[in-house]
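Below, each chain spelled out in residue letters.
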Amino acid sequence: MASIQETYQEDGYVVVRGLFDPKEDLQPLNDAYTRLLDALAQVYLLESYPEGLENFDSMSLQERFAYMLGASAGTALHHLDPVLNVFVDTYRWRKDLPVTQIPEMFDLMRHEKILDVLEQLIGSEIFASPVWHINMKLAPQHLKLADEVAASSSRDMSDETFYTFQVGKTGWHMDAITGMPDSRESQIANAWIPMTHARKENGCLLVIPGSHKGGVRKAPFPDEMVDRAVPLIMDPGDVVILDNKLVHGATQNTSEADYRWAFNFRYLPTGQPSGRTFLPGFVARSRSAPETELRNPFLWGMMWYRVLEYISENGLPEQFSGPSTTSLEAAVEITREWEEKAPDVNGWLQLEESVA
Ligand SMILES: O=C(O)CCC(=O)C(=O)O
Ligand SMILES: [Fe+2]
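Parameters and conventions
- Residues numbered from 1 in each chain as written.
- Chains lettered and ligands numbered in written order.
- Predicted model: local features only at pLDDT ≥ 70, side-chain atom pairs only at ≥ 80, totals over all residues.
- Heavy atoms only, no water.
- Donors = N, O, S within 2.8 Å, 3.2 Å for Na, K, Ca; no water.
- Buried < 20%, exposed > 50% of the residue type's maximum accessible area, 1.4 Å probe, protein only.
- Salt bridge = Lys/Arg side-chain N within 4 Å of Asp/Glu carboxyl O.
- Helix = DSSP H or I, 4+ residues; strand = E, 2+ residues; numbered from the N terminus.
- Core = buried A, V, L, I, M, F, W, Y, C linked by side-chain atoms within 4.5 Å.
- Contact = heavy atoms within 4.5 Å.
- Near = heavy atom within 4 Å.
- Polar contact = N/O pair within 3.5 Å; in protein donor to acceptor, adjacent residues only side chain to side chain.
- Areas by Shrake-Rupley, 256 points an atom, 1.4 Å probe, with all protein chains shown as cover.
- Pairing = 2+ DSSP bridges.
- Axes fitted to C-alpha atoms, helices over the stretch in contact; angles between N-to-C directions.
- Left-handed = near helix turned anticlockwise from the far one by under 90°.
- Nonpolar A, V, L, I, M, F, W, Y, C, P; charged D, E, K, R; others polar.

Visitor: Let's hear about the coordination of the iron ion (ligand 2): which residues, and what values?
Guide: Coordination of the iron ion (ligand 2) by the protein is provided by His173 (NE2), Asp175 (OD) and His248 (NE2), with metal-donor distances spanning 2.1 to 2.2 Å. Expressed as a motif, the donor residue spacing for the iron ion (ligand 2) is H-x1-D-x72-H. Given a relative accessible area of 5%, aspartate 175 falls into the buried group.

Okay, here's the thing in structure tokens:
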């Protein structure tokens with residue numbers, strides 16, 4: 001049998017079945033995140049759709065999520081996934097809302113089970129990238145519900161560039177194209193972690209084995225390539241690690257009322273550009289200098305708090321023109337500048353002070 005390194009190198013992805021114990025390892029994040037979603041939903045509903053609060057407690061998670069999307073016209077996602085939404089024109093950093101970086105998410109990011117797998121794939125100096133996403137794929141009826149709630153206050157999600165990616169359909173893409181170009185050759189590994197089952201009907205991942213070998217390319221991809229796609233049927237506890245250059249997408253959630261929820265966390269060898277060098281990552285594992293590992297979730301949350309506040313006040317780096325359109329020269333310059341500004345945890349924590 002091929003080793004996980006061989007499979008990862010050959011196919012560009014490797015599925016590890018039953019890596020996590022769903023109850024012990026995933027339930028804490030599931031519970032904490034659900035509380036966060038409910039808190040966000042209640043804030044937005046109170047502001048723009050109070051009647052939605054009447055039956056809130058008896059609604060399913062997917063209904064509550066849909067109400068949250070509708071009441072916020074999609075902008076609640078800014079709090080759940082600032083990494084993507086910081087580029088959206090409507091992006092707003094609201095300090096009155098809870099930061100999303102709940103300890104349980106940080107704990108899963110640096111769970112030793114995932115780091116042990118990653119160590120075999122990218123080595124023992126592992127940096128948790130600032131790039132991480134949550135994708136909650138809703139059934140058509142719940143997307144429609146979100147639209148209806150938004151329409152009740154004459155709004156829609158059309159300004160939300162990443163709305164479809166986050167809650168609708170994931171189109172074909174390679175992650176490498178979405179990072180600033182100085183990260184193209186970084187050995188970035190994406191750990192995709194389903195919190196629910198993922199089936200063809202509710203939005204499972206689709207991967208094209210070996211597609212990571214053809215260099216960095218943009219969609220559309222040739223039919224003969226897409227025809228080779230393999231659906232990844234997964235359950236909570238399973239994890240798939242994707243190479244940054246693997247072409248992937250997901251099936252549409254066509255189910256009656258099911259949802260598919262997954263986190264994806266990125267990792268790379270410490271010292272390589274992450275593709276978002278003006279956002280804070282952290283050393284998740286270091287065999288050579290364990291004292292550099294960040295183990296305190298609250299410091300991580302505070303690093304994000306500071307940087308989002310900083311970006312809200314100062315804007316994105318001047319040379320930055322978009323996640324994938326920034327030139328290589330500009331990317332190198334941004335990376336250099338931010339390495340100076342925030343060379344370590346303290347640098348990120350003191351960002352606000354260095355502005356003053
Ligand atoms: O969960 C999804 O459908 C999106 C996944 C994805 O594109 C990724 O993990 O890079
Ligand atoms: Fe992706």
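Visitor: Tell me about the pattern of salt bridges, and please be specific about residues and values.
Guide: Under the defined criterion, the tally for this structure stands at 18 salt bridges. The salt bridge involving lysine 213 is made with glutamate 10; its shortest N-O contact spans 3.0 Å. Residue lysine 213 is located in the loop between strand S5 (205-207) and helix H10 (223-226), and its partner glutamate 10 is located in helix H1 (residues 4-11); the two are separated by 203 residues in the primary sequence. Given the relative accessible area of 47%, glutamate 10 is considered partly exposed. Among the salt bridges present, the one from lysine 245 reaches glutamate 185, with a minimum N-O distance of 3.0 Å. One end of the pair, lysine 245, is in the loop between strand S7 (239-243) and strand S8 (247-250); the other, glutamate 185, is in the loop between strand S3 (173-174) and strand S4 (189-194), and 60 residues separate them in sequence. The exposure class of glutamate 185 is exposed, given its relative accessible area of 62%. Among the ionic contacts, a cluster of salt bridges with common partners joins Asp116, Glu119, Arg285 and Arg287.

Visitor: Break down the nonpolar core for me, with residues and values.
Guide: The biggest cluster of nonpolar side chains holds 92 residues, and the ones touching the most others in it are Tyr33, Ile241 and Tyr267. Of all the elements, helix H2 (residues 22-48) adds the most residues to this core, at 10 residues. Setting aside its immediate chain neighbours within four residues, tyrosine 33 contacts Leu80, Ile102, Met105, Ile134, Trp261 and Phe263. One finds Trp192, Ala198, Ala250 and Ala262 within the second-largest nonpolar core, a separate group that totals 13 residues.

Visitor: Just give me the short version of the site of ligand 1, but keep the residues and values in it.
Guide: With respect to spatial proximity, 14 residues lie near ligand 1, and among them Thr170, His173, Asn190, Trp192 and Arg260 are the closest. Here an oxygen atom of ligand 1 sits 3.0 Å away from a polar atom, N or O, in the side chain of aspartate 175. With the chains in place, 100% of the 300 Å² that ligand 1 exposes on its own is no longer accessible. When residues of the shell around ligand 1 are traced back to their parent elements, those giving at least two are strand S2 (125-137), S4, S8 and strand S9 (260-269). Here the element with the most residues in the shell around ligand 1 is S9; it accounts for 3 residues.

Visitor: Could you give an account of unusual backbone geometry, with specific residues and numbers?
Guide: With an omega dihedral of 0°, the bond running from alanine 219 to proline 220 counts as a cis peptide bond. Mapped onto the elements, proline 220 comes out in the loop between S5 and H10. Residues other than glycine seldom take positive phi values, yet serine 154 does so here, at roughly 55°. Position of serine 154 among the secondary structure elements: in the loop between helix H8 (140-151) and helix H9 (163-167). When its relative accessible area of 72% is taken as the criterion, serine 154 is described as exposed.

Visitor: Describe the pairing of S7, and please don't skip the residues or the numbers.
Guide: Taking burial as the measure, the 5 residues of S7 include 5 buried ones, the bulk of the element. In this structure, strand S1 (residues 13-16) lies alongside S7, joined through 4 bridges in antiparallel fashion. Residue tyrosine 13 lies in a different strand from S7, and its bridge partner there is leucine 242. Taken together, the 4 bridges between S4 and S7 define a ladder with antiparallel strand orientation. Its bridge partner being in S7, asparagine 190 is matched across the sheet by leucine 242.

Visitor: Could you give an account of the environment of leucine 316, with specific residues and numbers?
Guide: Checked against the element boundaries, leucine 316 lands in the loop between helix H11 (297-314) and helix H12 (328-341). Judged by relative accessible area, leucine 316 falls into the partly exposed class, the value being 26%. Through-space distance from the C-alpha of leucine 316 to that of valine 86 is 8.5 Å; in sequence the pair is 230 residues apart. Residues within four places of leucine 316 in sequence aside, it is in contact with Val86, Phe87, Phe278 and Ile311.

Visitor: Before we move on, could you go through the packing of helix H3 (residues 61-71) against H8 and cite the residues and values that matter?
Guide: What describes two packed helices is the angle between their axes and the distance between those same axes. Orientation of H3 relative to H8, taken along the N-to-C sense of each, is 35°, at an axis distance of 7 Å. Where H3 crosses over H8, the two elements pack in a sense that is right-handed. Contacts from Gln62, Glu63, Ala66, Tyr67, Leu69, Gly70 and Ala71 in H3 reach His142, Leu145, Ala146, Val149 and Ala150 in H8. Of the residues that constitute the contact of H3 with H8, the class distribution is 8 nonpolar, 3 polar and 1 charged.

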